[in-house]
Amino acid sequence: MTVPEKIAGFIRSQDHFFIASHINPEGDALGSTISLCLALKAMGKDVVAYNVDGVPYIYEFLPRRELIISELDGIDTNKYNLLLLDCNEPERASLENKGFKNSLVIDHHLTRKDFGDIRWIEPGAPATGVMVYHLIKALGVEITKEMAVNLYTAISIDTGTFRYDNTTSETLRVAAELIDRGADPAEIAIRLYESWRYNRFELLVRMLKTLEMIDLSCCRVAITHITLNMFRETGTTQADTENFSNFARMIEDVDVSVMLRETEPLKWKASMRGKGRVNLALVASRLGGGGHKNAAGFKAEGSLENVKSRLIEVLKKDC
Ligand SMILES: [Mn+2]
């Protein structure tokens, strides 16, 4: 992967940066934000790292997570250059009403708009963390243990810890170097996958009980859902559902796993995961969402049954 000189050159030439990523941040958004923030600080830059939703508790192990602020009181964004990571529209970061000196986008998602004065988009990159890794190296900054843990976590989350089809030999080479720099794969895996609060596990059990299998002529779909009531009864929040959409994909003949979660009464967020047979990016775009071929999502309003039937209609067309 080659880092465009216009990105590295611009960063070298400027002093004030505002790093931000998408709402409901997961490992790639957070790890990319923190590691790039540390690298720019090491270069002596003035850096603000921001996420409107802060750091969810499951990522509290990330070193230097306290760098991420979620309040902008007293910060004049106009003096900063925006570095938008792991998303490519300011709305995704809840920054649509803020002004910036310049805006740069570093992302591996397909784009719908061409926001940004300088854009570096690599739809083939498994994680934004891989792009940030190469950027930090191009900037000549030494990768510290703190950066390595954040970047390794970023790449782990987006590759299902090196199991998804976006995992390449290059991904593993980057991961290997991060291990050499101090990231501990066993410890990070335990923090990511085996450190659940009991309530979260209870929510998973409740969700799995909602499993429905739907046979379309071309593919087999597994649908699960979580209602607001289920969150309430288990004392959990939206952040606890990270990775839940992958569970039903474990079933051998399931091609598409869909998790619907209620965010407000009759408002749903759908996360879809595939195994390569259906282009979920296309399915999601038809429903007003987006994503990658095997991991995409959309939002919908209406009753659960209504949302499901709209989804099934689109799946029938696209598979
Ligand atoms: Mn990502």
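Residues numbered from 1 in each chain as written. Predicted model: local features only at pLDDT ≥ 70, side-chain atom pairs only at ≥ 80, totals over all residues. Heavy atoms only, no water.

**Here's the deal with the domain arrangement of the protein chain**
Move 1: We note that the domain assignment places domain 1 (5–193) and domain 2 (198–318) within the protein chain.
Move 2: Placing the centre of domain 1 and that of domain 2 at their C-alpha centroids yields a distance of 26 Å.
Move 3: Counting residues at the interface gives 16 residues for domain 1 and 14 residues for domain 2.
Move 4: Summed over both sides, the interface between domain 1 and domain 2 buries roughly 1,000 Å², with carbon and sulfur atoms accounting for 41% of that surface.
Move 5: Counting the surface domain 1 buries against domain 2, the share from its top three residues, Y57, I58 and Y164, is 36%.
Move 6: Where domain 1 meets domain 2, there are zero salt bridges.
Move 7: Taken together, the residues that form the side of domain 1 that touches domain 2 break down as nine nonpolar, four polar and three charged. (Domains from an automatic or database assignment. Contact = heavy atoms within 4.5 Å. Buried area = accessible area lost by both parts, 1.4 Å probe. Salt bridge = Lys/Arg side-chain N within 4 Å of Asp/Glu carboxyl O. Nonpolar A, V, L, I, M, F, W, Y, C, P; charged D, E, K, R; others polar.)

**A closer look at the packing of aromatic side chains**
Move 1: Inspection of the entire model under this criterion finds nine aromatic pairs.
Move 2: Considering the side-chain rings of F18 and Y50, the 5.5 Å spacing of their centres and the 45° angle between planes classify their relative orientation as tilted. Of this pair, F18 sits in strand β1 (residues 16–21) while Y50 sits in strand β2 (residues 46–50), and the two are 32 residues apart along the sequence.
Move 3: Among the residues examined, Y50 registers a relative accessible area of 5% and is labelled buried.
Move 4: Taken together through their ring pairs, the aromatic side chains of F18, Y50, Y80 and F100 make up a single cluster.
Move 5: Positioned above the aromatic ring of Y57 is the side chain of R197, whose terminal nitrogen or guanidinium carbon lies 4.5 Å from the ring centre. (Phe/Tyr/Trp six-rings, centres within 6.5 Å; stacked < 30°, edge-to-face > 60°. Helix = DSSP H or I, 4+ residues; strand = E, 2+ residues; numbered from the N terminus. Buried < 20%, exposed > 50% of the residue type's maximum accessible area, 1.4 Å probe, protein only. Lys NZ or Arg CZ within 6 Å of the ring centre and 35° of its normal.)

**Concerning the packing of helix α2 (residues 27–42) against helix α3 (residues 128–138)**
Move 1: Running from amino to carboxyl end, α2 crosses α3 at an angle of 10°, the nearest separation of the two axes being 9 Å. Classified by the angle between their axes, α2 and α3 sit roughly parallel to one another. Touching D28, S32, S35, L36 and A39 of α2 are T128, G129, V132, L135 and I136, all from α3.
Move 2: Looking at the contact of α2 with α3, its residues break down into five nonpolar, four polar and one charged. (Axes fitted to C-alpha atoms, helices over the stretch in contact; angles between N-to-C directions. Parallel < 35°, antiparallel > 145°, perpendicular 65-115°, else oblique.)

**As for the sheet that holds strand β6 (residues 118–121)**
Move 1: The six strands are arranged β3-β2-β1-β4-β5-β6 in an open sheet whose pairing can be described as parallel. Looking along the sheet, the strands with just one partner apiece sit at the ends: β3 (68–69) and β6.
Move 2: Taken together, the five bridges between β1 and β2 define a ladder with parallel strand orientation. Across the sheet, A20 pairs through a bridge with Y50, a residue of β2.
Move 3: Across the face of the sheet, α2 comes into contact with β1, β2, β3 and β4 (81–85) while running at roughly 170° to β1. (Pairing = 2+ DSSP bridges.)

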